[in-house]
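Observations on chain architecture
As a plain string of letters, each chain reads:
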Amino acid sequence: ERSVARGDTPGQYQKRYPFTGKIVCGKCGKTFKHTIHNGKQAYWACRSYVSQGVNVCSMKPIKDDTVKRLFVRLVNRLLESPSLIQVEQGSPSQLRQLDAAIQDLLRQETGFFRLQLDDLQNQSLWQQEHQGIVRQITQLQEQRAQLLAKNSQHDALQSTMRRVKGPIAGFDVALFAALVETIMVRERECLVFQLHGGLKFEERYTFHYGEDII
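Residues numbered from 1 in each chain as written. Predicted model: local features only at pLDDT ≥ 70, side-chain atom pairs only at ≥ 80, totals over all residues. Heavy atoms only, no water.

1. Details of the overall build of the protein
As a reminder, the rule being used: Helix and strand assignments come from DSSP, with helices taken as H or I runs of at least 4 residues and strands as E runs of at least 2, each series counted from the N terminus. Summary of the burial criterion: residues with accessible area below 20% of their type's maximum are buried, those above 50% are exposed, and those between are partly exposed, where the area comes from a 1.4 Å probe applied to protein chains only. Contacts are residue-level and defined by heavy atoms, with any inter-residue pair within 4.5 Å sufficient. Surface accessibility in these figures is a Shrake-Rupley result with a 1.4 Å probe; residues are shielded only by whichever protein chains are displayed.
Counting its secondary structure elements, the protein contains six helices and nine strands. Burial statistics for the protein: of 214 residues in total, 33% are counted as buried. Across the protein, contacts joining residues at least 24 apart in sequence account for 51% of those joining residues at least 6 apart. Summing over all exposed atoms, the protein offers an accessible surface of approximately 13,300 Å²; the carbon and sulfur share of this is 49%.

2. Looking at empty space enclosed by the protein
Rules: Buriedness of a pocket was judged along seven lines, with at least five required to meet protein on both sides within 12 Å; pockets are open sets of points on a 1 Å grid over the protein atoms alone, cavities are sets where a 1.4 Å probe fits but cannot get out, and lining residues have an atom within 4 Å of a point. Grid points are joined across faces, edges and corners, and a volume is the space filled by probe spheres set on the points. In this count, Pro and Cys sit with the nonpolar residues alongside Ala, Val, Leu, Ile, Met, Phe, Trp and Tyr, while Asp, Glu, Lys and Arg are called charged and the others, Gly among them, polar.
If you walk through the whole model with that rule in mind, you get one cavity of 30 Å³ or more. Size it by volume and the largest cavity reaches roughly 30 Å³. If you go around the largest cavity, the residues you meet are Tyr43, Pro61, Ile62, Lys63, Arg188, Tyr205, Phe207 and Asp212. The residue makeup of the lining of the largest cavity, split by class, is five nonpolar, no polar and three charged.

3. A word on the nonpolar core
Basically, it comes down to this: Among the buried residues, those of types Ala, Val, Leu, Ile, Met, Phe, Trp, Tyr and Cys that are joined through side-chain atoms within 4.5 Å form a nonpolar core.
Membership of the largest hydrophobic core comes to 33 residues, with the highest contact counts inside it found for Phe32, Leu179, Ile183 and Leu191. Only strand S1 (23-25), strand S3 (41-46), helix H3 (64-80), helix H5 (123-162), helix H6 (173-179), strand S5 (180-187) and strand S6 (190-195) provide two or more residues apiece to this core. Looking at this core element by element, the count peaks at seven residues for H3. Once residues lying within four places of it in the same chain are set aside, the contact partners of isoleucine 183 are Phe19, Lys22, Ile23, Val24, Val67, Phe176, Leu191, Val192 and Phe193. Ranked by size, the runner-up nonpolar core spans eight residues in total, among them Leu95, Leu105, Ile133 and Leu140.

4. Remarks on the sheet that holds strand S2 (residues 32-37)
As a reminder of what qualifies: Following DSSP output, two strands are said to pair if at least two bridges run between them.
Spatially, the three strands line up as an open sheet ordered S2-S3-S4, and their pairing is antiparallel. Taken across any chain shown, the strands that pair with only one partner, and hence form the sheet edges, are S2 and strand S4 (62-63). Both S3 and S4 contribute to a ladder of two bridges, which runs antiparallel. Along S4, the bridge assignment pairs tryptophan 44 with isoleucine 62.

5. Some remarks on the sheet that holds S5
Cut-off, in case you're wondering: Fitting a line to C-alpha atoms yields each axis, with helices limited to the stretch in contact; the angle taken between N-to-C directions then spans 0 to 180 degrees.
Read across the open sheet, the four strands follow the order S1-S5-S6-S7; overall the sheet is mixed. The strands lining the two open edges of the sheet, one partner per strand, are S1 and strand S7 (200-204). Here the strands of the sheet are splayed against their neighbours by 25° on average, with no regard to which way each runs. As judged from the six bridges shared by S5 and S6, these two strands associate in the antiparallel manner. Directly across from valine 180, in S6, lies its bridge partner leucine 195. This element, H3, spans S1, S5, S6 and S7 of the sheet and lies at about 125° to S7.

6. So, the pairing of S2
Where S2 and S3 come together, six bridges link them in antiparallel fashion. Across the sheet, residue threonine 35 finds its bridge partner in S3, namely tyrosine 43. Joining the antiparallel neighbours S2 and S3 is a turn of three residues, in which asparagine 38 adopts a positive phi near 55°.

7. Considerations on the packing of aromatic side chains
Here the distance between the centres and the angle between the planes together describe a pair of aromatic rings. The line we're drawing: Pairing of aromatic rings covers Phe, Tyr and Trp, the last through its six-membered ring, and needs centres within 6.5 Å; plane angles under 30 degrees mean stacked, over 60 mean edge-to-face, and all others mean tilted. Any Lys NZ or Arg CZ found within 6 Å of a ring centre and within 35 degrees of that ring's normal is scored as a charge over the ring.
Inspection of every chain in the model, using the stated rule, returns eight aromatic pairs. Relative to phenylalanine 176, the ring of phenylalanine 71 has its centre 5.3 Å away and its plane inclined at 80°; by these criteria the two rings are edge-to-face. Of this pair, phenylalanine 71 sits in helix H3 while phenylalanine 176 sits in helix H6; the two residues are 105 residues apart in sequence, bridging distant segments of the chain. By relative accessible area, phenylalanine 71 is classed as buried at 0%. Pairwise contacts between aromatic rings join Tyr17, Phe19, Trp44, Phe71, Phe171, Phe176 and Phe193 into one cluster. Sitting above the plane of the phenylalanine 207 ring, arginine 188 keeps its charged end 3.8 Å from the centroid.

8. Concerning H3
Applied cut-off: Given the number of residues in a helix, its expected span is that number minus one, multiplied by 1.5 Å.
Relative to the 24 Å expected for 17 residues at 1.5 Å per residue, H3 spans 25 Å between its end C-alpha atoms, a close match to the ideal helical length. The complete set of buried residues in H3 reads Asp64, Thr66, Val67, Leu70, Phe71, Val72, Leu74, Val75, Asn76 and Leu78.

It is worth stressing that arrangement in space is one thing and function is another; only the former is reported here.
Shown next as structure tokens:
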């Protein structure tokens, strides 16, 4: 609504902030929204907490700067210990096994389909068997696609990290978009960064007398 009132193009408002749609509440599952406190301090707050209050969700808001500083700390930790993102990927043998299983089921599926056509008396039985084979094929094809996608994401993640030169001093919007899929706020002082490809890293800080100590 604010976007339309300002005459922005569709989607422009939603893309103003790098964390929009990325931060998820660990208590209620809602995403966080950008808010401004006292006209200057930027925060991210759970939508349930903002719209319905603490009785619906007790998750407290988190400073925008704190999320950025935690991301910077995570990146530098990964640069110091590259082995943290050296995960075991799906091997060619796994793909070959999936391909072989899919081909075997396809042969069975063809046979059941012919039986279904030839044996009219037991057509419903053969149809059930045929449908069961089709479901198995679909499941294996999904596993294969997920394996390839995860391998690709891990390769992209490692390639991105190799291009980062030395420890970073400040928040980088492009680097954040390239690395992070979501941020789950487990509790006010604990954020879990999920990277593209599924790797998760927990980052904690201390909230002391209104200040975030990182």
